[in-house]
Amino acid sequence: MKTDEMISAIQTKLGIQVDGRAGPETWGAIYTHIVGLPLETAVDTVDARSEKSIVTLLPEVQPLARALVHKAAFSGIQIKILSGLRTYAEQEELYARGRTKPGNKVTNARGGHSNHNFAIAFDIGVFEGNKYLADSAKYKAVGALGMDIGLEWGGNWKTIMDQPHFQLRPAWANSLSEKAMLAELRTRTADKMAIYV
Ligand SMILES: [Zn+2]
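Residues numbered from 1 in each chain as written. Predicted model: local features only at pLDDT ≥ 70, side-chain atom pairs only at ≥ 80, totals over all residues. Heavy atoms only, no water.

A. Highlighting helix α5 (residues 88–96). Every buried residue of α5 is accounted for by Gln91, Leu94, Tyr95 and Ala96. In the stretch just after α5, Gly98 is the one whose phi turns positive, near 80 degrees. (Buried < 20%, exposed > 50% of the residue type's maximum accessible area, 1.4 Å probe, protein only. Helix = DSSP H or I, 4+ residues; strand = E, 2+ residues; numbered from the N terminus.)

Shown next as structure tokens:
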């Protein structure tokens, strides 16, 4: 039996997609099968600053944020997760900047109108050593890595391009506009319903 045939047999047994290649999904399923714990516990935590933001995210999003930090590091790019959840009040405070408060405008989203308000979105920063790079071609590279693991990347947005931004779109929102998704997120939050079902 060749290696790819063995992997295919394992994939069949684990009930996951059979392609004969042991990618992250296969390793995750093997881990869960043998260790008995969900895959998210298999992803090592990252630097302390990133973890501060990561723990504010929904459990479904946390392993992906960590995976992105690891994946970027494998590609030689140092990133940190700089923000995660924002409350409606924090969002309103940001919205006020450049409007009723001093400074430049930083967002067009009011409280309840940003994916950050629902713990499904996070922003990264690219670093070189201790130096934060606000502008770097590396954001684009990280964007591709994020999409690879199923995240949406703000760099693809037409209206306000947002390269540091990533989010995990719930499956029910796949065919919804951003606006319609946000409306449903507000409803689910008000009704204390789960976001990812
Ligand atoms: Zn963002």
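Now that the structure has been shown, we can carry on.
B. Region of the structure containing the side chain of Gln91. You can see Gln91 is positioned in helix α5. Residues within four places of Gln91 in sequence aside, it is in contact with Arg86, Thr107, Ala109, Arg110, Gly111, Ser114 and Asn117. (Contact = heavy atoms within 4.5 Å.)

C. Seen up close, the nonpolar core. Leu68, Ile79, Phe122, Ile124, Val142 and Phe166 are the most contacted members of the largest nonpolar core, which has 31 residues in total. Elements represented by at least two residues in this core include exactly α4 (62–74), β1 (78–83), β2 (121–128), α6 (138–148) and α7 (178–190). The leading source of residues in this core is α4, at 5 residues. Setting aside residues up to four positions removed in sequence, Ile124 forms contacts with Leu68, Ile79, Lys80, Ile81, Leu82, Tyr139, Val142, Pro164 and Phe166. (Core = buried A, V, L, I, M, F, W, Y, C linked by side-chain atoms within 4.5 Å.)

D. Looking closely at the packing of aromatic side chains. Counted under the stated rule, the structure contains 3 aromatic pairs. Taking 6.0 Å as the distance between ring centres and 75 degrees as the angle between the ring planes, the aromatic pair formed by Tyr88 and Phe118 counts as edge-to-face. Linking Tyr88 in helix α5 with Phe118 in the loop between α5 and β2, this pair joins segments that are 30 residues apart in sequence. Assessed through its relative accessible area of 4%, Phe118 is described here as buried. Pairing Phe127 with Tyr132 gives two aromatic rings, centres 5.7 Å apart and planes at 55 degrees, and the pair type is tilted. Sitting over the face of the ring of Phe127, Lys80 holds its NZ or CZ atom 4.7 Å from the ring centroid. Seen from the ring of Tyr95, Arg99 lies directly overhead, with NZ or CZ sitting 3.8 Å from the centre. (Phe/Tyr/Trp six-rings, centres within 6.5 Å; stacked < 30°, edge-to-face > 60°. Lys NZ or Arg CZ within 6 Å of the ring centre and 35° of its normal.)

E. Just the pattern of salt bridges, in detail. For the structure shown, the criterion picks out 9 salt bridges. Notably, a salt bridge pairs Arg21 with Asp19, separated by 3.7 Å at the nearest N-O pair. Residues Arg169 and Glu178 are paired through a salt bridge, measuring 2.6 Å at the closest nitrogen-oxygen approach. One network of salt bridges, in which partners are shared, links Glu152, Arg169 and Glu178. (Salt bridge = Lys/Arg side-chain N within 4 Å of Asp/Glu carboxyl O.)

F. Spatial organisation of the packing of α4 against α6. One way to put it is that α4 packs onto α6 with a least axis distance of 10 Å and a crossing angle of 130 degrees. As summarised for this structure, α4 and α6 are arranged oblique, according to the angle between their axes. The two elements α4 and α6 meet at a crossing, and its hand is right-handed. For the pair α4 and α6, contact is made by Leu68, Lys71 and Ala72 and by Val142, Leu145, Gly146 and Asp148, respectively. A per-class count over the contact of α4 with α6 returns 4 nonpolar, 1 polar and 2 charged. (Axes fitted to C-alpha atoms, helices over the stretch in contact; angles between N-to-C directions. Parallel < 35°, antiparallel > 145°, perpendicular 65-115°, else oblique. Left-handed = near helix turned anticlockwise from the far one by under 90°. Nonpolar A, V, L, I, M, F, W, Y, C, P; charged D, E, K, R; others polar.)

G. How the structure looks around the domain arrangement of the protein chain. Domain boundaries assigned for the protein chain yield domain 1 (1–42) and domain 2 (45–190). Just the C-alpha atoms count here: the centres of domain 1 and domain 2 sit 30 Å apart. (Domains from an automatic or database assignment.)

H. The arrangement of α4 in detail. Relative to the 18 Å expected for 13 residues at 1.5 Å per residue, α4 spans 19 Å between its end C-alpha atoms, a close match to the ideal helical length. The first or second residue beyond α4 is Gly76, which carries a positive phi of 80 degrees. (Expected span 1.5 Å × (residues − 1).)

I. Spotlight on the pairing of β2. With respect to burial, β2 is a largely interior element, 7 of its 8 residues being buried. Note: β1 against β2, 5 bridges, orientation antiparallel. Within the sheet, the bridge partner assigned to Gln78 lies in β2 and is Phe127. Pairing between β2 and strand β3 (residues 131–133): 3 bridges, direction antiparallel. Its bridge partner being in β3, Glu128 is matched across the sheet by Lys131. Counting the residues between successive antiparallel strands, the hairpin from β2 to β3 contains 2 residues, one of them, Gly129, with a positive phi of roughly 65 degrees. (Pairing = 2+ DSSP bridges.)

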